[in-house]
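# Commentary on secondary and tertiary structure
Chain residues, written in single-letter form:
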Amino acid sequence: MRSVKMAWSSLAVACVDALVVAPPAVAAAAPMLTTPPPPAVPPERFGLGDGMRQGGLALGTVPAGTRSLTLDGKPVAVAPDGRFVIAFDRDAGPRALLVAESADGTTLAATLPVAPGTWRIERLPTLRKVPVPSAEFARRRAGEMARIVAARNVGSDADGWRQHFVWPATGRISGLFGAQRIYAGEPGSYHGGVDVAKPEGARVIAPADGVVTLAADPPFTLEGRLLILDHGHGLTSAFLHLSRIDVAVGQHVRQGEPIGLVGRTGRATGPHLHWAMTWNGARIDPQPVAGAMR
């Protein structure tokens, strides 16, 4: 399976030169006032433990009196009890800055070390990457991508983000998150989820509480019958290649509730479940989120 490539917008930068003429008499310059950086605190101050790695997810608790929270300058949702969830993209950098601002305007900052992931990389030095999308694919893909992006940005009041996730299907893991091929030095798209090999028609359950934001039927070109659940606080799950979807958009589902059946719709070589997760656009690895299969 190939992951979907996002389009990048170009950025134009203009520079302006200015000529400044100094006055005849120069007054003494006033001392420059600088804003001191927020006090640095260890990540433990935010209750963070495991999950601070590429493709990882971590739960934490803000310090008492926190009014707002940001990760690398972007807002992070905080529950009334102070709990929050953050995650790190597969290609996240080695550090991230978490900043809490209190009601009186004071701030606390923690520099989070982001451990590198260990991805399965396959190098094919003599084989070139030659994707040739069909005319039908090109015609349909833009609309499908727009629906996927919209579904991941809906948001909901679900509290599944704070639960311990369970596997939506159990079986042999046939595809790893982050795996990637390098074709004659040119990187291909990495695998954006985890694959579980199951017979067609096997039951798929909700890994955590959530709200259905997309139920793609008829099937999409790549993902086939695609189901997306919003678990709240920016965390989503997607289930690809389903043979049947048993829930509807807007429906609230509980952890363990049946949501569909394993299939091979879309671009798939055999029946399996592809489970993908994102947090505010960051692609994360579902395998450590769910833990060992039982």
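Residues numbered from 1 in each chain as written. Predicted model: local features only at pLDDT ≥ 70, side-chain atom pairs only at ≥ 80, totals over all residues. Heavy atoms only, no water.

## Examining the overall build of the chain
Quick reminder of the rule: Only DSSP runs of H or I covering at least 4 residues are called helices, and only runs of E covering at least 2 are called strands; the numbering of each starts at the N terminus. Residue contacts are counted whenever heavy atoms from the two residues lie within 4.5 Å of one another. Residue exposure ignores everything except the shown protein chains as possible cover, and the areas themselves are Shrake-Rupley values with a 1.4 Å probe.
The number of helices and strands found in the chain is two helices and 20 strands. A separation of at least 24 residues holds for 68% of the contacts in the chain among residues at least 6 apart in sequence. Summed over all atoms, the accessible surface of the chain reaches about 16300 Å², with 57% contributed by carbon and sulfur.

## Digging into the nonpolar core
In plain terms, the rule: To form a nonpolar core, buried Ala, Val, Leu, Ile, Met, Phe, Trp, Tyr and Cys residues must be joined to one another through side-chain atoms within 4.5 Å. Buried, partly exposed and exposed residues are distinguished by accessible area as a fraction of the type maximum, computed with a 1.4 Å probe on protein chains only: under 20%, between the cut-offs, and over 50%, respectively.
With 51 residues, the main nonpolar core has Ile 86 and Leu 112 as its most contacted residues. Leu 112 has contacts with Pro 43, Leu 48, Met 52, Leu 71, Ile 86, Phe 88, Pro 94, Arg 95, Ala 96 and Leu 98, leaving out every residue within four places of it along the chain. If you look at the next biggest cluster of nonpolar residues, it comprises 11 residues, including Ile 148, Leu 226, Leu 240 and Ala 276.

## A few points about helix 1 (residues 135–152)
Owing to its 3.6 residues per turn, the α-helix brings residues three or four apart onto one side. Put simply, the test is: The span one expects for a helix is its residue count, reduced by one, times 1.5 Å. Axes are fitted to the seven residues ending at a residue and to the seven starting at it; the angle between these axes is taken as the bend at that residue.
In this model helix 1 runs 27 Å from its N-terminal to its C-terminal C-alpha over 18 residues, within 8% of the 26 Å that 1.5 Å per residue would give. The sharpest bend along helix 1 measures roughly 40° and falls at Arg 141. In the core, the buried residues of helix 1 are packed alongside strand 13 (210–220) and strand 14 (224–232).

## Considerations on the packing of aromatic side chains
The criterion, for reference: When the centres of two rings from Phe, Tyr and Trp lie within 6.5 Å, Trp using its six-membered ring, the rings pair. Their planes under 30 degrees apart give stacked, over 60 give edge-to-face, and anything left gives tilted.
Overall, the coordinates contain three aromatic pairs when judged by the stated rule. Between Trp 119 and Phe 177, the ring centres sit 5.5 Å apart and the planes meet at 75°, which makes this aromatic pair edge-to-face. Placement of the pair is Trp 119 in the loop between strand 6 (107–113) and strand 7 (121–124) and Phe 177 in the loop between strand 8 (172–175) and strand 9 (180–183), with a sequence separation of 58 residues. Trp 119 gets classed as partly exposed once you look at its relative accessible area, which sits at 22%. Between Phe 177 and Tyr 190, the aromatic rings sit 6.1 Å apart at their centres with planes inclined by 70°, giving edge-to-face as the arrangement. Of this pair, Phe 177 sits in the loop between strand 8 and strand 9 while Tyr 190 sits in the loop between strand 10 (186–187) and strand 11 (194–197), and the two are 13 residues apart along the sequence. An aromatic cluster is present here, built from Trp 119, Phe 177 and Tyr 190 joined pairwise through their rings.

## A closer look at the environment of Gly 193
Locating Gly 193 in the fold gives a position in the loop between strand 10 and strand 11. Judged by its relative accessible area of 0%, Gly 193 is buried. A C-alpha to C-alpha distance of 7.8 Å links Gly 193 and Ile 284, two positions 91 residues apart in sequence. When residues no more than four places from it in sequence are discounted, the contact partners of Gly 193 are Gly 175, Leu 176, Phe 177, His 274, Trp 275 and Ala 276.

## Quick look at the side chain of His 241
Heads up, the rule is: For this analysis, a polar contact is any N or O atom pair within 3.5 Å, provided that within protein one partner can donate a hydrogen and the other can accept it, and provided that sequence-adjacent residues contribute only side-chain to side-chain pairs.
Relative to the helices and strands, His 241 is located in strand 15 (residues 235–242). Reaching out from His 241, the side chain makes a polar contact with the backbone oxygen of Thr 265 at a distance of 2.7 Å.

## Overview of the sheet that holds strand 16 (residues 244–245)
Pairing between the strands of a sheet is mediated by backbone hydrogen bonds and can be parallel or antiparallel. Basically, it comes down to this: Two strands pair under a simple rule: DSSP has to find at least two bridges between them.
Strand order in the open sheet formed by three strands is 12-18-16, and the pairing between neighbours is antiparallel. Since the sheet does not close on itself, it has two edges, and those belong to strand 12 (203–205) and strand 16, each with one partner. Examined bridge by bridge, strand 12 and strand 18 (residues 258–261) share three bridges and lie antiparallel to one another. Each bridged residue has a counterpart across the sheet, and for Ile 205 the counterpart in strand 18 is Pro 258.

## Points about the sheet that holds strand 3 (residues 74–75)
Spatial strand order, 3-2-5-6: four strands in an open sheet with antiparallel pairing. Among the strands making up the open sheet, the edge pair consists of strand 3 and strand 6. Where strand 2 (residues 66–71) meets strand 5 (residues 95–102), five bridges bridge the pair, whose relative direction is antiparallel. Pairing of Ser 68 across the sheet is with Glu 101, part of strand 5.

## Digging into the pattern of salt bridges
Filter applied, for reference: Note on definitions: salt bridges are taken to be side-chain nitrogens of Lys or Arg within 4 Å of carboxyl oxygens of Asp or Glu.
Evaluation of the coordinates by the stated rule reveals 11 salt bridges. The partner of Arg 139 in a salt bridge is Glu 136, with the nearest N and O atoms 2.8 Å apart. Of this pair, Arg 139 and Glu 136 both sit in helix 1, three residues apart, which is roughly one turn of that helix. When salt bridges that share partners are traced, they join Arg 140, Arg 141, Glu 144 and Glu 223 into one network.

## Some details on the environment of Pro 199
When you line up the elements, Pro 199 lands in the loop between strand 11 and strand 12. Taking the relative accessible area as the measure of exposure, Pro 199 reaches 55% and is therefore exposed. When neighbours within four sequence positions are excluded, Pro 199 is seen to be in contact with Val 262 and Pro 271.

## What to know about the confidence of the model for the chain
Quick reminder of the rule: Values of pLDDT, the confidence the predictor places in each residue, fall between 0 and 100.
Per-residue pLDDT for the chain has a mean of 88; in total, 87% of the residues score no lower than 70. Below a pLDDT of 50 lies the segment residues 1–27, which in the model reaches 21 contacts outside its immediate sequence neighbourhood of four places, other chains included.

## Some thoughts on unusual backbone geometry
Glycine aside, negative phi is the norm for most residues, and most peptide bonds take the trans geometry. With an omega of 20°, the peptide bond between Asp 217 and Pro 218 qualifies as cis. Structurally, Pro 218 can be placed in strand 13. You will see that Asn 280, though not glycine, has its phi angle at about 45°, which is positive. Along the polypeptide, Asn 280 turns up in the loop between strand 19 (272–279) and strand 20 (282–284).

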